[in-house]
2 protein chains.
Amino acid sequence: MKNQHVSVHAFVPALAWARQYDRGTLVSDLVAAAIVTIMLIPQSLAYASLAGLPPEVGLYASMAPLLLYAVFGTSRVLAVGPVAVVSLMAATAIGEHASIGSPQYLAVAITLAFLSGGMLLVMGWLRLGFLASFLSHPVISGFITASALLIAAGQLPVVLGLKVEGAHFFARVWHLVEQLDQMHVPTAALGLPMLAFLFWARRGLKPCLLSWGLPPRLADVLAKAGPVLAIALTATITWYGQWHLAGVRIVGTVPAGLPPLTWPQWDMALWKELAIPALLISVVGFVESVSVGQTLAAKRRQRIEPDRELIALGASNVGAALTGGFPVTGGFARSVVNFDAGAQTPAAGAFTAVGIGVAAMVLTPALYYVPQATLSATIVVAVLSLVDLRILRSTWAYSRSDFSAVVATLIVTLAAGVEAGLVAGVALSLLLYLFKTSRPHIAEVGLVPGTEHFRNVLRHQVRVSTHLVSLRVDESLYFANARVLEDRVNALVAERPQLQELVLQCSAINDIDASALESLEAINLRLADSGVRLHLSEVKGPVMDRLQGTDFLDRLSGQVYLSHFQAVTALAPDMLQ
Amino acid sequence: MKNQHVSVHAFVPALAWARQYDRGTLVSDLVAAAIVTIMLIPQSLAYASLAGLPPEVGLYASMAPLLLYAVFGTSRVLAVGPVAVVSLMAATAIGEHASIGSPQYLAVAITLAFLSGGMLLVMGWLRLGFLASFLSHPVISGFITASALLIAAGQLPVVLGLKVEGAHFFARVWHLVEQLDQMHVPTAALGLPMLAFLFWARRGLKPCLLSWGLPPRLADVLAKAGPVLAIALTATITWYGQWHLAGVRIVGTVPAGLPPLTWPQWDMALWKELAIPALLISVVGFVESVSVGQTLAAKRRQRIEPDRELIALGASNVGAALTGGFPVTGGFARSVVNFDAGAQTPAAGAFTAVGIGVAAMVLTPALYYVPQATLSATIVVAVLSLVDLRILRSTWAYSRSDFSAVVATLIVTLAAGVEAGLVAGVALSLLLYLFKTSRPHIAEVGLVPGTEHFRNVLRHQVRVSTHLVSLRVDESLYFANARVLEDRVNALVAERPQLQELVLQCSAINDIDASALESLEAINLRLADSGVRLHLSEVKGPVMDRLQGTDFLDRLSGQVYLSHFQAVTALAPDMLQ
């Protein structure tokens, strides 16, 4: 099953692809890296500002993590760096310990990245990747949509030159509407057209470029460069008209140079308070990264290894912390661009890191006049593409409990923030699952004529017997539902005076725990008192192994049959005629 | 199914049995009441002192609750009053808000009973009785055993005339051993022999009485009166020798008279802090009471209704709060005595309440010289009979996860107290269940020759095909395990190049949630890309209903078959030869 190379180089997948690296791959990777670099510069600035950090921190967080992921990651095209949802979560967590702009704010951001990276490494070492599956699709959908709305509600005021504060989504929207008349006109004059342009560019730019006769692949890549175009344009206008003197907020001086070497704060009290946010950031970042990675890997029939992704993302975040950055993960937009631009190996990521390094050394003066409003407009457009309200309709149609999980995550995230929303969503979906399994479906089954197959008497034309009842319990028997079967059997015995044999078809019983075993013993005794024998059929191997370790089977008034048909053949031959 | 009388008199079961009440029943009930009254007096004093309350409070808590249960309860023999575990939980909760002996301590006890009663009423009204089933047998066993050990460790020093403080079991035992040399000799001279006598009386008194020629039923009842005998004896000795002047702690003055009318404290801050303890007391009390009630009802082919028991216990606790009492529930020892003494209807409980009322008015002077050491000795003997360590061995043999739940509940209760222990036990057993279902057993199955039945290829001699694989997933598919099936199918396709048909036997899939549906869609697409068709068989009615509401069945590359045999007949006829 597993590639031998992979198992030898278990922790450094780079060794596997580096051997087969040739000139063709190099060219592909270099081209992809150049394109991704151009696209990443505005994105890194924007997400740093979303996290409340200076712009250069966004650039720093796009270097070391990319290099480290290139060494440890199992996806060939994933691009690691600041992403929207994680930046929002970081901003929330850091905001509780420092005020934006203070040196302490950056120090907490670095500590948060370090903790989050450490946790990912530990989870990877313990192979806890499966834990991420407890974040269900409905919870992730609701969470991403709500986070996107939260971010948009926070960035839209910047596009309009307003300052809106608000603990939650509804307060932000309300304050925005209230203050709309105080809009800063020059800022909005830049921001609103860019917002419109970026929205249009998402869908309209590529067909437009194609109609100009550009080759499809180039059109594809250029269409994604809309934000770069918007930034270049508005920076030029601001410089030419010196609009910043009229109050248009600009990025300003970005220190040139490579990332500094930094250390997290060794403050246990702070670590303790950051532990929960760091854990949530780790899990959300991991889930986002793995789902992007899996989607892209599947397109080229490659696979990624979740447990090793934990290691790679952990190393990336520790790397971010040691080089002045903040929490990072595999981003959707940048990875798709990397994939579309033809990246073949993680070397493309390493080249991108070099490209950003060059930009950080020589390009920062060019960023001086970039209006904050344009950065915010790029964020608004990027996050609104994550809003997916169709999930509400589809889960409503499919399953009320999935629907409730989406709605609860959505509303709690909007009203009480990202951490509360995530915790509420996971807790509710687990509780709903437990609730469902605590009230199992129990069907009385009969023989489908002409077969050896048994189905629900209420749904199918089947044969039954007067003195034998076949019950199929559609759930594992465990403490939360053990009494339901007892009640059902008690009622059945009271209803059918002619009953002599009760056969439990155990095909859907995947486990019987100690509480349920006691219930079965009670049922067996009570039935025996009423002159009814209890039989089991189709008991699964693992369940049978367990039962054979107890004296339940000795005390059972009836038999255990391999198949339900054999049970009925032996006990109620009249049913076969 | 349901008795018509019962449904008419849904909330006052007393109306049902009161109609058929005759002289024979009256005599039985009166005799039982007389016996239970005698036994309840020392027990009420003892549990009041366990809860840190004055002795008369124990008597008060044995009157109104008994009367109210007689009206609303569905068990015919349950005796409601103070019990050991609930008294311990109450002492823990009250101790955080007041010091023993202060008027505030009693006020908090009354408020706790009121809150607990109110919660039980609300739970009954909402029909939440099923929630109690989330307390699994292992958790209950571990909790009862640990509580009994905690109580014994707290009462044993009193038997020896010592004062031992300690937050947890291990500290108490340690301090007891340390202080053993400071034992108060006159107290121990009374306490230790009584402890020995009471231990012996549990098993030895009845055969002894029988050998004296007493009729079996009388011997049975008298054997349970050991504590009464011990109290009468030691009170006489103390009075005769005036041992209380030598430092033997006695009950002292017990105010004579009927219970006072009392009100809970209307203090929202206090209510908020008592909410969690009150909830835990309600749930534990309810579970204990229902299990005692069910055990005794089953012996006479009667049934109890859990949701109406909630109402009855709620009314009893509110009644206790309004008459100067503290939290109560249906007790094992007193109910068994009531049952054995021949009680026929809840009227026996009402007569007992009257008996205790008379005792509270005229007998209290006789209680003056009762040594605290004797009361504590009765508690130690009573609770040690609840210790059940065999559950450790039986769950170890049966299931490691049940064993872990017992051990965790036991240790956390001993080390961190009753509330933490209960919460830890429930949380752990739910997490273990979720963990199990997140890693489902997936079996490849083949045809059992001569039948239409399919079993695991690793366990049975079965027929398989080269181009068809049958997989049986032994778990409902939901978010926590959806990816496991994806991984297994991916691995299978990689292993078997000849594979053309994959049939999922869905007999154990009781639910498919939205996340799992997405996984199935991904599996279907990926298999189609590899030239393998995906089929389903034996999809259950409720699951099929859901799937038919989506377009999954249209996109499915294969078919849905009623039985797995039909699927194989159609797809791999070679397997039948």
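Residues numbered from 1 in each chain as written. Chains lettered and ligands numbered in written order. Predicted model: local features only at pLDDT ≥ 70, side-chain atom pairs only at ≥ 80, totals over all residues. Heavy atoms only, no water.

## Details of the overall build of chain A
So, step 1. Check the secondary structure of chain A and you find 25 helices and eight strands.
So, step 2. Projected onto its principal axes, the C-alpha coordinates of chain A cover approximately 95 × 60 × 60 Å.
So, step 3. The 577 residues of chain A split such that 56% are buried.
So, step 4. Residue pairs at least 24 apart in sequence account for 79% of intrachain contacts in chain A once pairs closer than 6 positions are excluded.
So, step 5. Carbon and sulfur atoms provide 64% of the accessible area of chain A, an area that totals close to 23700 Å².
So, step 6. Chain A carries 37 positive and 36 negative side-chain charges, and their two centres are separated by 9 Å. (Helix = DSSP H or I, 4+ residues; strand = E, 2+ residues; numbered from the N terminus. Buried < 20%, exposed > 50% of the residue type's maximum accessible area, 1.4 Å probe, protein only. Contact = heavy atoms within 4.5 Å. Areas by Shrake-Rupley, 256 points an atom, 1.4 Å probe, with all protein chains shown as cover. Lys, Arg positive; Asp, Glu negative; His and termini not counted. Charge placed at Lys NZ, Arg CZ, Asp CG, Glu CD.)

## Thoughts on the state of the cysteines
So, step 1. Scanning all chains against the criterion turns up zero disulfides over all chains.
So, step 2. With no disulfide of its own, cysteine 506 of chain B lies closest to cysteine 506 of chain A among cysteine sulfurs, the gap being 19 Å. (Disulfide = S-S within 2.5 Å.)

## Regarding the packing of aromatic side chains
Residues and elements named next belong to chain B.
So, step 1. In total, this model carries 21 aromatic pairs over all chains according to the counting rule given.
So, step 2. Note on phenylalanine 114 and tryptophan 266: the rings are 5.7 Å apart at their centroids and 80° apart in plane angle, and the pair reads as edge-to-face. With a gap of 152 residues between them, phenylalanine 114 in helix H7 (residues 103-125) and tryptophan 266 in the loop between helix H12 (226-241) and helix H13 (268-299) connect regions that are remote in the sequence.
So, step 3. Exposure remark for phenylalanine 114: the relative accessible area of 19% places this residue in the buried category. (Phe/Tyr/Trp six-rings, centres within 6.5 Å; stacked < 30°, edge-to-face > 60°.)

## Quick notes on the side chain of glutamate 475 of chain B
So, step 1. Mapping glutamate 475 of chain B onto the fold places it in the loop between strand E5 (468-473) and helix H21 (482-495).
So, step 2. Ignoring anything within four residues of it in the chain, the contact list for glutamate 475 of chain B reads Tyr433, Ser476 and Asn510 of chain A together with Thr437, Pro440, Asn481, Ala508 and Ile509 of chain B.

## So, the pattern of salt bridges
So, step 1. Taken as a whole, this structure holds 22 salt bridges over all chains when the rule is applied.
So, step 2. With its nearest N and O atoms 3.4 Å apart, the salt bridge here joins arginine 390 of chain A to aspartate 388 of chain A.
So, step 3. Here the residues in one salt-bridge network are Lys436 of chain A together with Asp511 and Arg546 of chain B, joined through shared partners. (Salt bridge = Lys/Arg side-chain N within 4 Å of Asp/Glu carboxyl O.)

## Some words on the relation of the copies chain A and chain B
So, step 1. Mapping chain A onto chain B leaves a residual RMSD of 0.1 Å; the transformation is a rotation of 180° accompanied by 0.0 Å of translation along its axis. A rotation of that kind, with that shift, is consistent with a two-fold axis. No C-alpha of chain A lies nearer the rotation axis than that of alanine 508 of chain A, which sits 1.9 Å from it.
So, step 2. Comparing interface residues between copies, 100% of those in chain A also lie at the interface in chain B; the contact surface is shared. (Least-squares fit on C-alpha atoms with pLDDT ≥ 70 in both.)

## Examining the sheet that holds strand E3 (residues 442-447) of chain A
Residues and elements named next belong to chain A.
So, step 1. One open sheet accounts for six strands, arranged E4-E3-E5-E6-E7-E8; its pairing is mixed. A strand with exactly one partner marks an edge of an open sheet, and here the two such strands are strand E4 (454-456) and strand E8 (560-561).
So, step 2. In the sheet, E3 pairs with E4 via three bridges, with the strands oriented antiparallel. Its bridge partner being in E4, valine 445 is matched across the sheet by asparagine 456.
So, step 3. This element, helix H22 (residues 514-529), spans strand E6 (501-505) and strand E7 (533-537) of the sheet and lies at about 140° to E7. (Pairing = 2+ DSSP bridges. Axes fitted to C-alpha atoms, helices over the stretch in contact; angles between N-to-C directions.)

## Re the interface of chain A and chain B
Put simply, an interface is often sized by how much accessible area is lost when its parts join up.
So, step 1. Counting residues at the interface gives 67 residues for chain A, matched by 67 residues for chain B.
So, step 2. Buried area between chain A and chain B, summed over both chains or domains, comes out near 6200 Å², and the portion from carbon and sulfur atoms is 56%.
So, step 3. Of all residues in chain A, the largest losses of buried area upon contact with chain B belong to Tyr398, Tyr433 and Phe479 of chain A, amounting jointly to 13% of the total for that side.
So, step 4. Remark: the boundary between chain A and chain B carries six salt bridges.
So, step 5. The partner of aspartate 474 of chain B in a salt bridge is lysine 540 of chain A, and the shortest N-O contact between them spans 2.6 Å.
So, step 6. Taken together, the connections running from chain A to chain B amount to 26 residue pairs in polar contact (both at pLDDT 80 or more).
So, step 7. Listing elements by their share of the side of chain A that touches chain B, those giving two or more residues are helix H8 (137-159), helix H18 (390-398), helix H20 (418-438), helix H21 (482-495), H22 and helix H23 (541-548) of chain A. (Buried area = accessible area lost by both parts, 1.4 Å probe. Polar contact = N/O pair within 3.5 Å; in protein donor to acceptor, adjacent residues only side chain to side chain.)

## Some thoughts on the pairing of E7 of chain A
All names here are of chain A.
So, step 1. Burial analysis of E7 places four of its five residues in the buried class, which makes it a mostly covered element.
So, step 2. When E7 meets E8, the two strands line up parallel, connected through two bridges. Following the sheet pairing, leucine 536 is matched in E8 by valine 560.

## Digging into the sheet that holds strand E4 (residues 454-456) of chain B
All names here are of chain B.
So, step 1. Taken in spatial order, the six strands line up as E4-E3-E5-E6-E7-E8 in an open sheet, and their pairing is mixed. Bordering the open sheet on either side are E4 and strand E8 (560-561), each of which pairs with just one other strand.
So, step 2. Together, strand E3 (442-447), E5 and strand E6 (501-505) form the strand contacts of H21, whose direction differs from that of E5 by roughly 160°.

## Observations concerning the environment of serine 211 of chain A
All names here are of chain A.
So, step 1. Within the fold, serine 211 resides in helix H10 (residues 185-211).
So, step 2. For serine 211, a relative accessible area of 58% corresponds to the exposed category.
So, step 3. Here cysteine 208 takes part through its backbone oxygen, which lies 2.6 Å from a polar atom of the side chain of serine 211.

## Examining unusual backbone geometry
So, step 1. In the Ramachandran plot, arginine 127 of chain A falls in the positive-phi region, its phi being about 55° despite a non-glycine side chain.
So, step 2. Note that arginine 127 of chain A resides in the loop between helix H7 (103-125) and H8.
So, step 3. With relative accessibility at 54%, the residue arginine 127 of chain A sits in the exposed group.
So, step 4. Positive phi outside glycine occurs at glutamine 242 of chain B, with the angle close to 50°.
So, step 5. With respect to the helices and strands, glutamine 242 of chain B occurs in the loop between H12 and H13.

## Points about a nonpolar patch on the surface
So, step 1. Where nonpolar side chains cluster on the molecular surface, the patch consists of Leu258, Val354, Val358, Met361, Val362 and Leu363 of chain A and spans about 540 Å² of accessible area.
So, step 2. Tracing the chain through its elements places methionine 361 of chain A in helix H16 (residues 347-362). (Patch = residues over 30% accessible without salt bridge, like charges linked within 9 Å, V, L, I, M, F, W, Y side chains within 5 Å.)

## Looking at the environment of proline 255 of chain B
Residues and elements named next belong to chain B.
So, step 1. When you line up the elements, proline 255 lands in the loop between H12 and H13.
So, step 2. The spacing of proline 255 and histidine 97 is 158 residues in sequence and 25 Å in space, taken between C-alpha atoms.
So, step 3. The contact partners of proline 255, leaving out residues within four places of it in the chain, are Glu56, Tyr60, Ala360 and Thr364.

## Considering H7 of chain A
So, step 1. With 23 residues, H7 of chain A should cover 33 Å at 1.5 Å per step; its first-to-last C-alpha distance of 33 Å lies within 8% of that length.
So, step 2. Downstream of H7 of chain A by a residue or two, arginine 127 of chain A has a phi angle that is positive, lying close to 55°. (Expected span 1.5 Å × (residues − 1).)

## Digging into the pairing of strand E7 (residues 533-537) of chain B
Regular strands place their side chains on alternate faces of the sheet.
So, step 1. One ladder, built from five bridges, connects E6 of chain B with E7 of chain B; its direction is parallel. Looking across to E7 of chain B, one finds that valine 503 of chain B is bridged to histidine 535 of chain B.

## Some thoughts on the nonpolar core
So, step 1. The biggest cluster of nonpolar side chains holds 120 residues, and the ones touching the most others in it are Leu53, Met89, Leu112 and Phe326 of chain B.
So, step 2. By residue number, the principal contributor to this core is H13 of chain B, which donates 14 residues.
So, step 3. Residue contacts for methionine 89 of chain B: discarding those within four places in its chain leaves Phe143, Leu280, Ile281, Val284, Val418 and Leu422 of chain B.
So, step 4. One finds Ala51, Tyr60, Val221 and Ala360 of chain A within the second-largest nonpolar core, a separate group that totals 102 residues. (Core = buried A, V, L, I, M, F, W, Y, C linked by side-chain atoms within 4.5 Å.)

## A look at the packing of helix H3 (residues 23-50) of chain B against helix H15 (residues 332-340) of chain B
Residues and elements named next belong to chain B.
So, step 1. Between H3 and H15, whose axes approach to 9 Å, the crossing angle comes to 170°. Between H3 and H15, the crossing angle belongs to the class labelled roughly antiparallel. Contacts from Ala32, Ile35, Val36, Met39, Leu40, Gln43 and Tyr47 in H3 reach Ala333, Arg334, Val337 and Asn338 in H15.
So, step 2. A per-class count over the contact of H3 with H15 returns eight nonpolar, two polar and one charged. (Parallel < 35°, antiparallel > 145°, perpendicular 65-115°, else oblique. Nonpolar A, V, L, I, M, F, W, Y, C, P; charged D, E, K, R; others polar.)

## Observations regarding the confidence of the model for chain A
Residue and element names in this part refer to chain A.
So, step 1. Looking at chain A as a whole, the pLDDT averages 87, with 97% of positions reaching at least 70.
So, step 2. Mean pLDDT per element in chain A: helix H1 (residues 4-8) is the minimum at 46, and E7 is the maximum at 95.
So, step 3. Scored below 50 in pLDDT, residues 1-6 shows four contacts in the model against residues more than four places distant or in partner chains.
So, step 4. For this predicted complex, the interface confidence score (ipTM) comes to 0.78, while the overall pTM stands at 0.80. (pLDDT = per-residue confidence, 0-100.)

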